[in-house]
Amino acid sequence: MNAHMSPAASPVLRLDELSVSYSVRGRAMPVLTKVSLEVGRGEAYGLVGESGSGKSTVALALQRVLPPSGRISGGRALIEGQDVTSLDRAALRRMRAKTVAMVFQDPGRALNPSLTIGRQMAEVFAILGSSAREAAERSEAMLARVRISSPARVMGAYPHQLSGGMQQRMVIAMALAKSPSLLILDEPTTGLDATIEAEVLDLVDDLRREFGASILFISHNLGAIAGLCDRVGVLYAGRLVEEGPARALFAEPRHSYTEGLLRCLPRAGMRKGVAPLDAIPGFPPAPGSIKQGCVFAPRCGLSDERCRTIDPPFAVVGEGRASRCHYPDRVADLPRATPAPALAVPARDDAAVPVLALEPLSKTYDTGGAKVHALRDVSLTLMPGETLGLVGESGSGKSTLAHALLGLLAPDPGSRILLDGKALPPEVRSRSADEIKAVQIVFQNPDSALNRSQSVRRLVGRAVKRLAGLSGAAREAQVRRLLDAVRLTERQLPARPRQLSGGMKQRVAVARAFAGSPRLVVCDEPTSALDVSVQSAILNLLAELQAERQVSYLLISHDLGVVRYLSDKIAVLYLGRLMEVGRATDVLDGPHHPYTEALLSAAPSVSGERGTRIRLEGQVPSGLNPPTGCVFHTRCPRRIGPICDTEEPPLAADDAGHAIRCHLPREQLGRALATAPVAEPA
Amino acid sequence: MPHALGRFLAKRLGLSLLTLWLLSVVVFLGTQVLPGDPARAILGPLADPRAVAALNEQLGADRPPVEIYLSWVGGLLTGDMGQSYAYRSPVAPFIEAALVNSLKLAGMVFLIVVPIGIGAGVLAALHAGRPVDRAISVAGLSLTVIPEFVSSIALILVFAVILRWLPLSATWPPGAGPLTQMQHLLLPALPLVIVLFGYIARMTRAGTVEALSADYTRTAILKGLPWRTVLSRHVLRNALLPTITVIAAQMGYALGGLVVVESLFRYQGIGSLVLGAARAKDFAMLQAGVLVIGGFFVVTTLAADLATAMLDPRLRTGGRR
C-alpha cells in the first residue's frame, strides 16, 4: 500500500503488515496490527504515538528483542531487503552488529554501570574485527565525532561520572560507530533537559547527514518529531492511522486522532483563561478489545454508525499522504471535547498582599568543606490566584526552592519566606497545621507519590483528615467533593493506584494536595510523566481549580509549552541565581536574558520551524566551583568582555517589574525568536 | 572525588568498632553482672559462703563492675584474654586453636557452596519461570529450612554409617595432610552447605534476572555480541555484586552456626569451645569466645562492604557531585 510513496527504490526498512502480540495469562493480545511502512535511504521517519500505542514494540520487534511474552504473529519486517522475522541466530547477530543500531530512552540505564565508556565503545569495533588497539583508537575518534571535547578522558570514565546529555552522546556514538544503515531512536530525549534535548536532536540531525543513515525516530514528543523527521506515521492502538510528510501532516491532519492530539498541545499563544486546551475523551482501548469498525471511533467526536461498524481502509488522501479515516476531509470540524467557556480570570490586584514572598531565599550546602550555593539571594513574589513558572536546567536550584517552600530543608540564616505577609518557619516541623496545609505539592510521578496499597478513599481521606481536620461523615463528604473537583467519580473511591490510568492517578494526587484548601501548591513537573492528551486534561484541571479557588501555583517544568500555558509570571534560574523574572508575556516576548533566549530557542515546536537555535557551549558548571562574575559567562553566547568574568551584573528591573541580570544594555538583548507571539483571540 | 571510598570505609570501620564495643558490653553484662555472683554461679547454691567469697576474690569479681569491665577490656586490647577457670590456664591458646579449626571448616563450606550456589542461581535465572528454575528454587528453599542437626544426622547415617564413604569423625589423625583433612571436613561441612545453598542461589538468581532484563544488557545484545560475552561481561559482572556481599556476610553467620555441627561431629572448633565453656561456667573462656565470633562477624561484614566498594565503580570513584 505504501509503494506509491516510497521515496527510494529500495527502502532500508520495510514493514509489511507486521503484527505483534503479547500473551497475557495465556491470551494473545494484539499490540501491533498489520503495520506497514517504509523508511527510505537517508530518510528520517517519525513514529508518533501515546503510551500503549505500540510504538516501542515496533522497535523491539524489528530487532527481535521482544520480551519473552511477545511474539511476531504475522507479517514481515525487512531491513536492507532481509526479512528479520526469518533470520537465524547467527544472521541476526550479524545484522545487529552491522546494519541496525538503536538508541533508547534513559541513557543512564542503557550503559553498563561497571564498565568504562572506552571499553563499551571498543566492543562495537571489536565485533567488527578490529584489534584491541585499533578499536580503542576508533572509539576515541568516534567520541570526537559526537562532539566530545576531551575523548581520552571520557574513554576512561564510568557512565555515572557523565551528565545525562554526555551519556546520551555516548549511546549515540556507540550506535553510529558501526555506520548502520538504520538508526532507531526510541524516545531518545525524554527525561533530558530542554537544552540537552535540543543539543541531542541537533547532533542526530548533523550525524544523519554525515553518516547517511536512515532514521526511525519513535517519540510521543510531537515537537521533536516535527523538527527532525521528513515523514511521520501516527500510531494508535497498534494501528498506523495516518502517514504523511511531517510538515503537512502536523499543519493539516487528516485523521481525527492526529487532530485531537495536536489540539491537546499547549502551543505558543495559548494561555489559561483564554481557552482551555482540548482533550481526547475516554481512554485508549485495551489491545484487541475493538473487534469491528475504526479503533478510534469510541473516542472520536466525528464517529457515526459507519465508523463503528466498518474498519476504514488506509486510503490515500493527498500527495504522499494516507489516513485510516472515513472522513479525512472533515477532521478540522472535529468538535471540541472540552467546552470552551473562557474562565473568568480575576483582574490583577497589585495592591493585594502577595501569597508568597521570598526576601530573599538562599540555601548553601556544605559538602565536606566546599560550599555549594544551591540558591543565592532569590527574591520573588507571587500574587493570589497566579502561577509562577520556574524555569532552568537540572542543577539550577528549582527543586531546592520547592523543598525550601515546603519546609523540607532549612534555608540559610537571613532567608525569609513570607506566606500571606507572615513569616513562615523554615522547617516543616516548626510550622503550624494551618501553615502546613497552606503549602502543598503535586509530584511529577504519581506512581511513586501515591501509596500503592491504599485505596483512593484512604489516600484522599487521610489527607482530608490530616490537613482539614475532618472525620466521619464530614470527611467522606469532603473526599467526594474533592474527587468531583478533579473530575473523578465515586466509582474510583475503592480503586487502588494500579487500577487507575496515569492521568487518573495524577488527579488523585491533585485532590490530595487540595484537601486542606491550600494557598500555594508546588507543581513539580506535574505532567511530564503523562501523555499529551492526558497532560492537557491535567493542565485544564489545574487552571480551573486556580480560577475557582484563587490558589497560587509554583510551577516547575522543563516544558516551555506547559510553563507558557499556565504561568502569569516566569522566573529563570541558573546555578541557583535568578537570571530573569517578570510577567510571563514579558519574559517570553523579550528582551531576554541570553540564557532565557537560549532556553526559548531550544523548545521544539510542531510547526517544524526550528528557527536559529542558540547553542550553549559546554555543560552547566559545577555548583561547587561556580564561575566568577556572571555565573553564565562560561556558556554565554553574548559575552561582552572581561566585565562578565569579574563582576556579577545586577538584577535590573524595568517599570513593569521585568528584571534581567545582564551587563548588556536592555535594547541590545534578544527578542522573542522561537516563540513569536500569536495574537490572542479576541 | 577519590576520597568517596575512603569516607565510606571510614564510616563502616567506625560502625564496626561501635558494634564490637556494644558486643563487649553485652557479653560482659551477660556473664559478669547478670549472674550477680560469678563464684556462686560456679560453685552452686549449696557451696560454703567462705569458698564463694574466696573464689570471687580470686576471680576479681568482688571489685565494682566498671572496674572489672575496664580491666577485662584492657586485657583484651593487650592480647590477654584472661584465665580459664576450668583449665586453670590462659584462654588465648584455646581460642586460637579452636578458631583455626573453625576457619578450616568454614572454608570447606564455602569452597563447596559458592560455586554450586552461584551456578544454580545463574542457571535458574537463565531459565526463569521454566521447570529448571522451579526445581532449583524449590530445592533451595526446602533445603534452607532443614535444621543442621537433622541434616547432620541424616548425612552421618547415609555416608558414614551405611555407605561408609566418609569418616564419621571430623577430627583427623595428627599429622594428616590437607587432603585427608578435607576428607574429614566434608561431612561436617555439608549441613551448612545445605542451609546456605538456597540463600546464595536465590540471591544470585535475583541479581541475574534483574541484570538480564536491564537496559544495558539489551544494549549489549543489540551490539551483536555473542551471547557468552553478553552474559559474562555485561550480565554477571553486575548480577554478582549483591551476591558477593551476601557471601561475605554469610561467612560470619557460618562461624556462629558451627556450634551445632561442631558438637555433633565432636570437632574442636570455636563453637564447641564456647558451648563447653558455657556448660562449665568458664566465664573468661565464654566471654573471649563470643567476642571472637562477634569480631569475626564484624570483619566479614566489613570485608563484604569493601568488596562491594571495590567492585562497584559508582562507589569506587564517587559520583559527579
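This structure is a prediction, so every number in the text was calculated from the model and none was measured. (Residues numbered from 1 in each chain as written. Chains lettered and ligands numbered in written order. Predicted model: local features only at pLDDT ≥ 70, side-chain atom pairs only at ≥ 80, totals over all residues. Heavy atoms only, no water.)

**Student:** Quick one: what's the story with the sheet that holds strand S4 (residues 70–79) of chain A, residue by residue and with numbers?
**Tutor:** All names here are of chain A. The strand order across the open sheet formed by 4 strands is S2-S1-S4-S5, and the pairing between neighbours is antiparallel. Every interior strand has two partners, whereas the edge strands, strand S2 (27–39) and strand S5 (82–83), have only one. Taken together, the 8 bridges between strand S1 (residues 13–24) and S4 define a ladder with antiparallel strand orientation. Looking across to S4, one finds that Tyr22 is bridged to Gly70. Helix-sheet contacts for helix H1 (residues 55–62) involve S1, S2 and S4, and the interaxial angle to S1 is about 105°. (Pairing = 2+ DSSP bridges. Helix = DSSP H or I, 4+ residues; strand = E, 2+ residues; numbered from the N terminus. Contact = heavy atoms within 4.5 Å. Axes fitted to C-alpha atoms, helices over the stretch in contact; angles between N-to-C directions.)

**Student:** Explain the packing of aromatic side chains residue by residue, including any values.
**Tutor:** Each aromatic ring pair is specified by the distance between its two centres and by the angle formed by the two planes. Applying the stated rule across the entire model yields 10 aromatic pairs over all chains. Linked through ring pairs, Tyr236(A), Tyr257(A) and Phe296(A) together constitute an aromatic cluster. Note that Arg218(B) overlies the ring of Phe104(A), its terminal NZ or CZ placed 3.6 Å from the centroid. (Phe/Tyr/Trp six-rings, centres within 6.5 Å; stacked < 30°, edge-to-face > 60°. Lys NZ or Arg CZ within 6 Å of the ring centre and 35° of its normal.)

**Student:** Describe the pairing of strand S3 (residues 44–48) of chain A, with residues and values.
**Tutor:** Residue and element names in this part refer to chain A. In terms of burial, S3 is largely enclosed, as 5 of its 5 residues are buried. Burial along S3 is two-sided: Ala44, Gly46 and Val48 and Tyr45 and Leu47, pointing in opposite directions, are all buried. Sheet topology note: the S3/strand S8 (residues 214–219) ladder contains 5 bridges and is parallel. From the neighbouring strand, Gly46 faces S8, where its bridge partner is Phe217. Sheet topology places S3 next to strand S9 (residues 231–236); 4 bridges connect them, and they run parallel. Paired with Gly46 across the strands is Val232, a residue of S9. (Buried < 20%, exposed > 50% of the residue type's maximum accessible area, 1.4 Å probe, protein only.)

**Student:** Requested: an account of the side chain of Ser567(A), with residues and values cited.
**Tutor:** Residue and element names in this part refer to chain A. For Ser567, the location among the structural elements is in the loop between helix H20 (560–566) and strand S21 (569–574). A distance of 3.5 Å separates a polar side-chain atom of Ser567 from the backbone nitrogen of Gly389. Sequence-distant contacts of Ser567, defined by excluding residues within four places in its chain, comprise Arg271, Thr387, Leu388, Gly389, Leu555 and Ala584. (Polar contact = N/O pair within 3.5 Å; in protein donor to acceptor, adjacent residues only side chain to side chain.)

**Student:** Give me the confidence of the model for chain B: which residues, what numbers.
**Tutor:** Residue and element names in this part refer to chain B. Looking at chain B as a whole, its pLDDT mean stands at 83, while 95% of the residues score no less than 70. Element-level mean pLDDT values for chain B span from 71 in helix H13 (residues 313–317) up to 92 in helix H9 (residues 215–222). Per the prediction output, this complex has pTM 0.80; the corresponding ipTM is 0.76. (pLDDT = per-residue confidence, 0-100.)

**Student:** Lay out the pattern of salt bridges with the relevant residues and their values.
**Tutor:** Residue and element names in this part refer to chain A. Scanning the entire structure with this criterion turns up 42 salt bridges over all chains. The partner of Arg239 in a salt bridge is Asp311, with the nearest N and O atoms 2.6 Å apart. Placement of the pair is Arg239 in strand S10 (residues 239–245) and Asp311 in the loop between helix H12 (305–309) and strand S11 (315–318), with a sequence separation of 72 residues. For Asp311, a relative accessible area of 33% corresponds to the partly exposed category. (Salt bridge = Lys/Arg side-chain N within 4 Å of Asp/Glu carboxyl O.)

**Student:** Break down the sheet that holds S21(A) for me, with residues and values.
**Tutor:** All names here are of chain A. The strand order across the open sheet formed by 8 strands is S18-S19-S20-S15-S21-S22-S24-S23, and the pairing between neighbours is mixed. A strand with exactly one partner marks an edge of an open sheet, and here the two such strands are strand S18 (439–442) and strand S23 (651–653). Strand-to-strand twist of the sheet, defined as the mean angle between neighbouring strand axes without regard to direction, takes the value 20°. Along the sheet, helix H19 (residues 532–549) contacts strand S15 (387–391), strand S19 (520–524) and strand S20 (552–556); its crossing angle with S20, the most-contacted strand, is approximately 155°. Packed on one face of the sheet, helix H22 (residues 594–602) meets S15, S21 and strand S22 (577–583) and runs near 105° to S21.

**Student:** Give me the nonpolar core: which residues, what numbers.
**Tutor:** Residue and element names in this part refer to chain A. Leu143, Ile172, Phe217 and Phe250 are the most contacted members of the largest nonpolar core, which has 71 residues in total. With 8 residues, the single largest contributor to this core is helix H7 (residues 164–176). The residues contacting Phe217, other than those within four sequence positions of it, are Tyr45, Gly46, Leu47, Leu185, Pro188, Leu201, Ala224, Ile225, Leu228 and Cys229. Leu467, Leu493, Cys523 and Leu616 belong to the second largest nonpolar core, which has 62 residues in total. (Core = buried A, V, L, I, M, F, W, Y, C linked by side-chain atoms within 4.5 Å.)

**Student:** Which residues make up the interface of chain A and chain B, and what are the values?
**Tutor:** Many analyses report the size of an interface as the accessible area lost when the parts associate. If you look at the interface, chain A gives 30 residues, while chain B gives 22 residues. Here chain A packs against chain B, burying approximately 2,500 Å² in sum over the two surfaces, 56% of which is carbon and sulfur. Across the chain A-chain B interface, the total number found is 3 salt bridges. Salt-bridge contacts for Glu123(A) lead to Arg233(B); the nearest nitrogen and oxygen are separated by 2.7 Å. Summed over the shared surface of chain A and chain B, the result is 11 residue pairs in polar contact (both at pLDDT 80 or more). Partitioned by chemical class, the residues of the side of chain A that touches chain B number 14 nonpolar, 10 polar and 6 charged. (Buried area = accessible area lost by both parts, 1.4 Å probe. Nonpolar A, V, L, I, M, F, W, Y, C, P; charged D, E, K, R; others polar.)

**Student:** Before we move on, can you summarise the domain arrangement of chain B with the specific residues and values?
**Tutor:** Residues and elements named next belong to chain B. Partitioning chain B into structural domains gives domain 1 (2–77) and domain 2 (96–315). Across the contact, 19 residues belong to domain 1 and 15 residues belong to domain 2. Overall, the association of domain 1 and domain 2 removes approximately 1,600 Å² of surface from exposure, summing both partners, and the carbon and sulfur fraction of that is 79%. On the domain 1 side of the interface with domain 2, the three residues burying the most area are Leu5, Phe8 and Thr31, jointly 25% of the side's total. Our enumeration of links across domain 1 and domain 2 arrives at 1 salt bridge. Among the salt bridges present, the one from Arg12 reaches Asp305, with a minimum N-O distance of 2.8 Å. The tally of links between domain 1 and domain 2 comes to 2 residue pairs in polar contact (both at pLDDT 80 or more). Of all the secondary-structure elements, those providing two or more residues to the side of domain 1 that touches domain 2 are helix H1 (3–33), helix H2 (38–43) and helix H4 (65–77). Ranked by the residues each element gives to the side of domain 1 that touches domain 2, the list is headed by H1, at 14 residues. The residue makeup of the side of domain 1 that touches domain 2, split by class, is 13 nonpolar, 5 polar and 1 charged. (Domains from an automatic or database assignment.)

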